[in-house]
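Examining the three-dimensional arrangement
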Amino acid sequence: MPKIKLTIDGKPVEVEAGTTLLQAAETVGIQIPHYCYHPGLKLAGNCRMCLVEAEKMPKPLASCVAPVQEGMVVKTNTDNVISLRRSVMEFLLINHPLDCPTCDQAGECRLQDYYMQYDKIPSRFHEEKVHKDKMIDLGAGVMLDQERCIACTRCIRVCQEVAGVDELCLSNRGDHVTITTFPGKELSNPYAGNTVDVCPVGALTSKEFRFKKRVWFLESTSSVCPGCSRGCNITVQHQESKVYRLLPRLNSEVNSYWMCDEGRYGFDSVNDHRVLRARINEEGVSEEAGHEDALVELASLLRETSLSEIAVVGHASETCETLENLQQFAKNSLKSRYFFYSRFDPPHPYSDNILMTADKNANQKGVDQLGFKPLSDLKSAVGVLVLRDLTGQEMELLDRLQIPVLAFFAVNESPLCTKAKIVLPIPSYAEQEGHFINVQGKKQKIVPAFEPRGESRLVTEWLNDLKDLLESAGQKKKIAC
Amino acid sequence: MIEFSTQTKKKLEECLTHYPTRQAALLPTLWLAQEEFGTVTLEVMEYVAGLLDISPAHVYSVATFYTMFHLKPVGKYHLQVCRTLSCALMGGERILDHLKKRLGIEEGEVTPNGKFSLCAVECLASCGTAPAMMINEKYYENLDVQKVEKILDELK
Amino acid sequence: MALVLTNRVGLKDSHTLEVYKKTGGYASVEKLFAMEPGTVIEEVKSSGLRGRGGAGFSCGLKWSFVPQNIGKPVYLCVNADESEPGTFKDRLLLEEDPHQLIEGIVIACYAIRSTTAYIYIRGEFDLSYRRIEQAVKEAYQAGFLGKNIFGKKYDLNVTVHRGAGAYICGEETALLNSLEGKKGEPRIKPPFPAVAGLFGCPTIVNNVETLSALPFIINEGALAYRKWGTEKSPGTKLFSVSGHVVRPGTYEVPLGYPLKDLIYKDCGGIPDGKKLKAVIPGGSSVPVLTAEEAEKTFLDYESIAQYGSMLGSGGVMVMDEDVDMVWALRNLSRFYAHESCGQCTPCREGTGWVDKILQRVLNGGGTLEDLALLKEISDNMMGKTICVLADSIAMPVLSFIKKFPADFERYVRSHSAGGKMRILG
């Protein structure tokens, strides 16, 4: 591609032909305000917030759509440009309800941000505003306030271009334009949550998230969605060890700017139904226990069996590091060669050619690379140590083979919690560091958003202590002899 | 379930041969639908979307963008009075006011017997023969109150 | 006076093929097919014919932008979506002389090597629609359209496509979107239609009046066309005169014709002995002229520009001394608020805002600040949007307030922001 040279605010810029002024400005760190432009979507050029000046051009240019030209002298910060932005802000706000105190977008609203930056004058609009419908449940967890909409059409484009469906449209015209689904139909695509992300104002909000937390209280942590083998890059937003929402994070090789709704709303397992204390199950009675008691009990259970005939069962949704630890423990402390894994296998997994894969496990490639075998291959063992969960079929298999579950490293409540002799709480993906290998073979890092909840401890920690216990007990025995 | 008559289906088939995409036939198809069903209801829009392999949302956005599609029922005689400047200079507003009084309805309404509906429209390109109105598809020009009365009397 | 466009107007059955042929119709065709397409473009360029839709861009030059041999069809779209308030000249040509338009279409298509043309006609036009449909049918039957037209190795298909009520579809890229079955939203340019237009293919959009001038230019030659008009604005043009004149109607006059003569001689002057107050010379979107300006200007692109206005579509709206300019402006602001497609922020919000302010002023609730605000809003709308609809109300607002301040001040005299009497300096 031929290169084009131009200057923006006095800075020399060299970019490929076809680059827009807005993109060219970004390469030299100049941010031009915008609403309708989104780097992951086709150009609309309608909000006019990104107008800039260029020498020899009679009219201001919409920088999101105007291509660079050789020798162009562009200015993005003159008094005139600033006043253009102020006037666009004024236009955007005349029919806007100005209901920030009750709007859930507050704190991440571009109308607020740019108002503070460019407008900051009292309204000169003294007429009756255009009234439209509010609090519309669009379906798919998306709420619409038509009065707050600035008609940027990002949500329409995200449905068309990401989900591949034409479910939203702008009806009518002039200042009566209104975002809507076909009347009577619901938004129903599995990527609908992205409409909320791309909405630069409070028109589209998440039914799940709205009014739960003002966004400025939230902390953000980069992570990877564990919902399927795609491994969409995400930001976990949380406060006080509670996840409030997941947002997609740009990775142009994996998920671009997007994520599916299944992944987006799949964080219940972090917040709810957690196993947060160890338990000892004896003759049908389940009792909570401190972690030392649970470990001592487990060590003694293990010692009653032939260690090398114990099988460990990892999980295709655990990190590579956890799986490695489990494997090392089996090899070194148990001298066992039985490494199996379980996986989530919902009966009719949804998949598409967009992001969602049929494999609802984050790290199938990880268990494969470490040489774990499917649990269905298990023929015999004196007992199993199980990570995360088992399927109903796998539990039946253990019953049939009369193999007891000696320990269950649990994140969430499961029938295994009563079946296993010892239940040890472990953290969710939001509370640990590690890696998943996605369907493309990319190894991606997750970062803990907060400390392990309750008394849950990393699998490594449990296994290290268990190893110590087993070794010290062995020594004692020797001495005793 | 609504469906085009065989004759309209034939017209649509012929119409489609004029365009490289099915979507391009949307306005002609909506016209056919209005001709056949009178009103472009949501049901009609979904039917049209199906015929042209496009989304109902798209049809809805188009049908609500253009002013000539009747989204609600209109009268047997749909009176559309021009209100733009050239007609207004020549007394277009008086014509509209007179019709409102005479028919007892406001803009956008239909008389209880379903005979007349009334609306104001923008420039009909009849400025040299102002004031003007359209009744259904037909232009009536150089109007005054007496002429309007005569026209109404003739509409049975 | 026999001119270019309206020679058959008034003849009995002028819209029929029979009368058209009898009066010299389709005579240009033999000459046309003896020329190379490039030569046709050159001939039209040298005629100086400028687009009659409103922008006044050189027709031949526009044609020359069409890229050749890129493996895509080339389209001609005929803009018959005549919707600019005060304009009704294309309607006359469609009703009275549809074959002249078809002959023009044949010439244009041949020049740009197009075999497909669409006539986008506004939905409200009933008689025009029936006449052009009928004329197209006749032309097909006569072998003037379809396969091997006029017995030449050249195919040309013409489809009449009805709009459905949207002023904005007269904007050429909105027209293309509408033809593709979409809302009439103007497109971002570049790319220009000549490069990527209808269905992404090279497309020329020409106005009915522009195309109707072509048979004359090919028949008689560019020089004959230049007999009329001025150096920069050659030829004749149709002017639709409406409002307060004795004989409103469509008049064909040479460009450069005095507006005063059009109003007072051709149209018989202002009725009831009233005085002229204002003239909008080129369709409602162009700046208004005072009586004094109107009586001095000539009807060509350059002369009108001297008075800060434009020739536009040639819709001449004449207002007598009794017209309240606030009322007239509010009438126009309502039109543009109604017709904004709603895409660009300044237009979507600005047209409605201006209309609401003017309505309030008209109802007696205006203040001096409102006039300043109207000017500022208009400035903020002009030149900031994808198409010029925003400019189309901004220009009237600015010119009305500037040229007829007394009308506006009368309304706001007794209303200051605090409700106190304000003394105007």
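Residues numbered from 1 in each chain as written. Chains lettered and ligands numbered in written order. Predicted model: local features only at pLDDT ≥ 70, side-chain atom pairs only at ≥ 80, totals over all residues. Heavy atoms only, no water.

What follows concerns the overall build of chain A. Scanning chain A for helices and strands turns up 13 helices and 23 strands. When the backbone C-alpha atoms are referred to their principal axes, chain A occupies close to 95 × 50 × 35 Å. Going through the 481 residues of chain A one by one, you find that 56% of them count as buried. Contacts spanning at least 24 positions in sequence make up 63% of the contacts within chain A whose residues lie at least 6 apart. As presented, chain A carries roughly 20,800 Å² of accessible surface, and 50% of it is formed by carbon and sulfur atoms. Both charge centroids of chain A, one from 56 positive and one from 64 negative side chains, sit 4 Å from each other. (Helix = DSSP H or I, 4+ residues; strand = E, 2+ residues; numbered from the N terminus. Buried < 20%, exposed > 50% of the residue type's maximum accessible area, 1.4 Å probe, protein only. Contact = heavy atoms within 4.5 Å. Areas by Shrake-Rupley, 256 points an atom, 1.4 Å probe, with all protein chains shown as cover. Lys, Arg positive; Asp, Glu negative; His and termini not counted. Charge placed at Lys NZ, Arg CZ, Asp CG, Glu CD.)

In this structure the tally under the stated criterion is 67 salt bridges over all chains. Here K100 of chain B ties to E106 of chain B by a salt bridge, and the two come within 3.9 Å at their closest N and O atoms. Note that K237 of chain C and E209 of chain C form a salt bridge whose closest N and O atoms lie 2.9 Å from each other. Note that K237 of chain C is positioned in strand β5 (residues 236-243) and E209 of chain C in helix α9 (residues 208-212), a separation of 28 residues in sequence. Classification of K237 of chain C as buried rests on a relative accessible area of 0%. On the accessibility criterion, E209 of chain C (1% relative accessible area) is buried. Look at the salt bridges and you will find they share partners, linking R86, E90, D119 and R124 of chain A together with E376 of chain C into a network. (Salt bridge = Lys/Arg side-chain N within 4 Å of Asp/Glu carboxyl O.)

A few words on the interface of chain B and chain C. The interface is formed by 38 residues belonging to chain B together with 53 residues belonging to chain C. Of the roughly 3,700 Å² buried where chain B meets chain C, counting both sides, 59% is carbon and sulfur surface. On the chain B side of the contact with chain C, F65, L85 and L89 of chain B bury the most area, a combined 18% of that side's loss. Summed over the shared surface of chain B and chain C, the result is two salt bridges. (Buried area = accessible area lost by both parts, 1.4 Å probe.)

This part takes up the sheet that holds strand β13 (residues 242-248) of chain A. Residue and element names in this part refer to chain A. Strand order in the open sheet formed by three strands is β11-β12-β13, and the pairing between neighbours is antiparallel. Here the strands that pair on one side only, and so sit at the sheet edges, are β11 (219-224) and β13. Taken pair by pair, the neighbouring strands of this sheet meet at an average axis angle of 30 degrees, ignoring direction. Pairing of β11 with strand β12 (residues 233-239) involves six bridges; the strand directions are antiparallel. (Pairing = 2+ DSSP bridges. Axes fitted to C-alpha atoms, helices over the stretch in contact; angles between N-to-C directions.)

All right, on to the packing of helix α16 (residues 345-362) of chain C against helix α18 (residues 389-403) of chain C then. Residue and element names in this part refer to chain C. Contact geometry of α16 with α18 gives a least axis separation of 9 Å together with a crossing angle of 30 degrees. Here α16 is positioned roughly parallel relative to α18, judged by the angle of their axes. Here the hand of the crossing between α16 and α18 comes out left-handed. Where α16 approaches α18, its residues C347, T351 and V354 are matched on the opposing element by L389, A390, I393 and V397. (Parallel < 35°, antiparallel > 145°, perpendicular 65-115°, else oblique. Left-handed = near helix turned anticlockwise from the far one by under 90°.)

Turning to the interface of chain A and chain C, a few remarks are in order. Contact residues are listed per partner, giving 32 residues for chain A and 33 residues for chain C. Taking both sides of the interface into account, the surface hidden between chain A and chain C amounts to around 2,600 Å²; carbon and sulfur atoms contribute 55%. Interface area lost by chain A to chain C is led by F91, E127 and R173 of chain A, which between them contribute 28%. Counting across the interface, chain A meets chain C through four salt bridges.

This part covers the environment of M317 of chain C. By the element assignment, M317 of chain C lies in strand β11 (residues 315-320). For the pair M317 of chain C and S242 of chain C, spaced 75 residues apart in sequence, the C-alpha to C-alpha distance is 5.0 Å. If we skip the residues at most four places from it in the chain, M317 of chain C touches L85 and S86 of chain B together with P85, G86, S242, A278, V279, I280 and S284 of chain C.

Okay, the side chain of S392 of chain C next. Residue and element names in this part refer to chain C. Among the secondary structure elements, S392 is positioned in helix α18. Taking relative accessible area as the criterion, S392 reaches 5% and is therefore assigned buried. Engagement of the side chain of S392 in a polar contact is seen with the backbone oxygen of V388, the distance being 2.8 Å. Not counting chain neighbours up to four residues away, the residues in contact with S392 comprise Y167, S284, S285 and Y336. (Polar contact = N/O pair within 3.5 Å; in protein donor to acceptor, adjacent residues only side chain to side chain.)

Another point: helix α4 (residues 56-65) of chain B. Two residues of an α-helix separated by three or four positions point the same way, owing to the 3.6 residues in each turn. Most of α4 of chain B is tucked away, with nine of its 10 residues classed as buried. Listing the buried residues of α4 of chain B in full gives A57, H58, V59, Y60, S61, V62, A63, T64 and F65 of chain B. Contacts made by the buried residues of α4 of chain B are with β8 (168-171) and β9 (178-181) of chain A together with α2 (26-37) and α3 (42-52) of chain B.

Residue and element names in this part refer to chain C. Here four strands make up an open sheet; going across it, the order is β3-β2-β1-β4 and the pairing parallel. Across the chains shown, the open sheet's two edge strands, defined by having one partner strand only, are β3 (157-162) and β4 (203-207). Across this sheet, the average inter-strand angle for adjacent strands is 20 degrees, counted without regard to direction. Judged from the six bridges that link them, strand β1 (residues 75-80) and strand β2 (residues 116-121) form a sheet pairing that is parallel. Looking across to β2, one finds that V78 is bridged to I119. Along the sheet face, helix α7 (residues 127-141) touches β2 and β3 and points at about 165 degrees away from the line of β3.

Moving on: the environment of E106 of chain B. All names here are of chain B. If you trace the backbone, E106 turns up in the loop between α6 (92-103) and β2 (116-121). It is 7.0 Å that separates the C-alpha atoms of E106 and L118, two residues lying 12 residues apart in sequence. Leaving out residues up to four positions away in the same chain, E106 has contacts with K100 and L118.

Moving on: empty space enclosed by the protein. Summary: where empty space remains is shown by rolling a probe the size of a single water molecule over the atoms. Overall, the coordinates contain five cavities of 30 Å³ or more when judged by the stated rule. Approximately 160 Å³ is the volume attributed to the largest cavity. Residue lining of the largest cavity: 15 residues in total, with N95, K132, E147 and C149 of chain A together with E349 of chain C positioned closest to the centre. Here the lining of the largest cavity is built from residues that sort into six nonpolar, three polar and six charged. (1 Å grid on protein atoms, 1.4 Å probe; cavity = no way out; pocket = protein on both sides within 12 Å on 5 of 7 lines; lining within 4 Å. Points joined across faces, edges and corners; volume = space filled by probe spheres on them. Nonpolar A, V, L, I, M, F, W, Y, C, P; charged D, E, K, R; others polar.)

Residue and element names in this part refer to chain C. Here chain C is partitioned into domain 1 (17-226), domain 2 (236-320) and domain 3 (325-414). Inter-centroid distance (C-alpha atoms) of domain 1 to domain 2 is 27 Å. On the domain 2 side, the residues contacting the 16 residues of domain 1 number 20 residues. Between domain 1 and domain 2, a total of about 1,400 Å² is buried, with carbon and sulfur atoms accounting for 53% of that surface. At the junction of domain 1 with domain 2, the criterion picks out two salt bridges. Here R50 makes a salt bridge to E302, at a shortest N to O gap of 3.0 Å. If you look at where domain 1 meets domain 2, you find 12 residue pairs in polar contact (both at pLDDT 80 or more). Per-element accounting of the side of domain 1 that touches domain 2 gives the leading share, three residues, to helix α5 (residues 89-96). Counted by class, the side of domain 1 that touches domain 2 contains five nonpolar, six polar and five charged residues. (Domains from an automatic or database assignment.)

This part is about helix α7 (residues 145-154) of chain B. All names here are of chain B. What α7 keeps buried is the set V148, I151 and L152. With its buried residues spanning 100 degrees around the axis, α7 presents them on a single face. Structural note: α7 exposes Q146, K150 and E154 on the side pointing more than 90 degrees away from its buried face. Packed against the buried residues of α7 are β1 (77-82), α6, β2, β3 (133-135) and β4 (138-140). (Arc of directions from axis to C-beta.)

Below, the discussion takes up the packing of aromatic side chains. Two descriptors summarise a pair of aromatic rings, namely the distance from one centre to the other and the angle between the planes of the rings. Taken as a whole and judged by the stated rule, the model has 32 aromatic pairs over all chains. Plain terms: the ring middles of F4 of chain B and Y47 of chain B are 5.3 Å apart, the flat faces sit at 85 degrees to each other, and that makes the pair edge-to-face. Separated by 43 residues along the polypeptide, F4 of chain B in the segment before α1 (6-16) and Y47 of chain B in helix α3 bring together distant segments of the chain. Seen from their ring centres, Y77 of chain B and F116 of chain B are 5.9 Å apart, and the 35 degrees between their planes marks the pair as tilted. Remark: F116 of chain B occurs in strand β2 and Y77 of chain B occurs in strand β1; sequence separation between them is 39 residues. Clustering of aromatic rings is evident, with ring pairs tying together Y20, Y26, F33, Y110, F144, F150 and Y154 of chain C. (Phe/Tyr/Trp six-rings, centres within 6.5 Å; stacked < 30°, edge-to-face > 60°.)

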